Amino acid sequence: MKRYIVLLLGLLAVVTAHAQFDPQMGQYMYMQSAYNPAAVGEGDLMKVAGMHRMQYISLRNAPMSTWFTFSSPFVIGKTRHGAGVRFLNDRFGLFTTQAFYGQYAYRQKISKGYLSVGVDLGFVNVGFKGDSVNLKDLEDEYHADGANDEAIPTASKSGMKFDMGVGIYYCTPIWWVGGSYSHVTRPVVDLDEKSDLKLVGTMFITGGYHFRLKDHREWVLTPSAMIMSDFISWDVNLTLMCDFKDRYRWGLGYRIDGSVNILLGVDIISGLQLGYSCELPTNKLLVESYGSHELMLSYGFDILKPKRTNKYKSIRYL
């Protein structure tokens, strides 16, 4: 516990601190517009999706993240586009983040798929719960007898700044690949006159492929991967999903930094998808917590071809 408090205080003990990674996501393949604006409007479906992640359950002040996205394709003349919004509510220790973005993507037909380029434009609000800091837990010469530290706010503080992200995405009926970069503007959020927080951009690279078994057409295997990096630290997530009859799915994932992921999903009705993942650390955190749990719900409905009601053409609805 003391190490955790020292880490938080260290982030605010200098005039400018660097943000941690953008939140991790186990079911990244089902909400790609949450981190890549170029994926907004992918396919022919208008989509509403939400995901909630509770990380390292039972640890005090453990990370907790909620994503919400709404996206839709649309056509202008002979050109295809995508637009939507996304919202993030994230908590890590005594830090909180709320972010809201409008998204746009231009889609160009190339070969058997579409190449998209997209942009996020919005605002990010970062807060610090200074009134929850307890210096009495520290036993060092700088904080003896619970003395205040001028570099640490003693009340809840927050600040808001304009933010921007960019992405590129290529998708066919059987495979996809994409890359994006968040916090292009590198916003510096002022918490008070003595401390601020610099949001460092995160690079996301994702890709996946659908293998429909030749002799068992109702079975589809989908290997995929996500790489996250601020070019100082790296996070690599490898996943293999198995779909049965385009409705039931389960899979396994492995995060290079030390965790395994169990994923389950079902299409409740056509277009309504429920997903769950349980990520278990392979290090000492397994003894201290009940792992990380993630729940996802999405609904997609066809707006470009309203007459078709029994078949969805999307990388996530085969």
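This is a predicted model, so every value here is computed, not measured.

(A) Broad picture of the packing of aromatic side chains. This model, assessed by the stated rule, comprises 10 aromatic pairs. Measuring from centroid to centroid gives 5.9 Å for Trp 219 and Trp 250, while their planes differ by 80°, and the two rings are edge-to-face. Of this pair, Trp 219 sits in strand S13 (residues 219-229) while Trp 250 sits in strand S15 (residues 248-255), and the two are 31 residues apart along the sequence. Given a relative accessible area of 26%, Trp 219 falls into the partly exposed group. Of the aromatic side chains, those joined through ring pairs into one cluster are Tyr 181, Phe 231 and Trp 234. The ring of Tyr 114 has Arg 107 lying over it, and the distance from NZ or CZ to the ring centre is 4.6 Å.

(B) Up close: the nonpolar core. Counting residues in each nonpolar core, the largest one holds 29 residues, and the members touching the most others are Met 25, Met 31, Tyr 35 and Trp 67. Mapped onto this core, the elements with two or more residues apiece are strand S2 (45-54), strand S5 (95-110), strand S6 (113-129), strand S7 (156-171) and S13. Sequence-distant contacts of Tyr 35, defined by excluding residues within four places in its chain, comprise Met 25, Tyr 28, Met 29, Ser 180, Phe 204, Thr 206 and Met 226.

(C) Inspection of the pattern of salt bridges at higher detail. Taken as a whole and assessed by the stated rule, the structure comprises 10 salt bridges. Note that Asp 44 and Arg 80 form a salt bridge whose closest N and O atoms lie 2.9 Å from each other. Here Asp 44, found in the loop between strand S1 (16-18) and S2, pairs with Arg 80, found in strand S4 (residues 79-92); they are 36 residues apart in sequence, far enough to count as distant. Taking the relative accessible area as the measure of exposure, Asp 44 reaches 11% and is therefore buried. Of the charged contacts, one joins Asp 267 and Arg 249 as a salt bridge, the two residues approaching to 3.0 Å between their closest N and O atoms. With Asp 267 in strand S16 (residues 259-269) and Arg 249 in strand S15, this pair connects stretches of sequence that are 18 residues apart. The burial state of Asp 267 is the same as that of Arg 249; both residues are buried. Overlapping salt bridges, with partners in common, bring together Arg 53, Asp 235, Arg 255, Glu 279 and Glu 294 in one network.

(D) Just the pairing of S4, in detail. Bridging between strand S3 (residues 64-76) and S4 involves 13 bridges; their strand directions are antiparallel. Across the sheet, the residue bridging to Thr 69 is Arg 86, located in S4. Linking S3 back to S4 in an antiparallel pair, the connection comprises 2 residues, with Gly 77 at a positive phi of about 65°. When S4 meets S5, the two strands line up antiparallel, connected through 13 bridges. Looking at the pairing, Asp 90 lines up with Thr 97 of S5. Counting the residues in the hairpin turn of S4 and S5 gives 2 residues, including Gly 93, whose phi is positive at 60°.

Scoring rules and cut-offs
Residues numbered from 1 in each chain as written. Predicted model: local features only at pLDDT ≥ 70, side-chain atom pairs only at ≥ 80, totals over all residues. Heavy atoms only, no water. Phe/Tyr/Trp six-rings, centres within 6.5 Å; stacked < 30°, edge-to-face > 60°. Helix = DSSP H or I, 4+ residues; strand = E, 2+ residues; numbered from the N terminus. Buried < 20%, exposed > 50% of the residue type's maximum accessible area, 1.4 Å probe, protein only. Lys NZ or Arg CZ within 6 Å of the ring centre and 35° of its normal. Core = buried A, V, L, I, M, F, W, Y, C linked by side-chain atoms within 4.5 Å. Contact = heavy atoms within 4.5 Å. Salt bridge = Lys/Arg side-chain N within 4 Å of Asp/Glu carboxyl O. Pairing = 2+ DSSP bridges.

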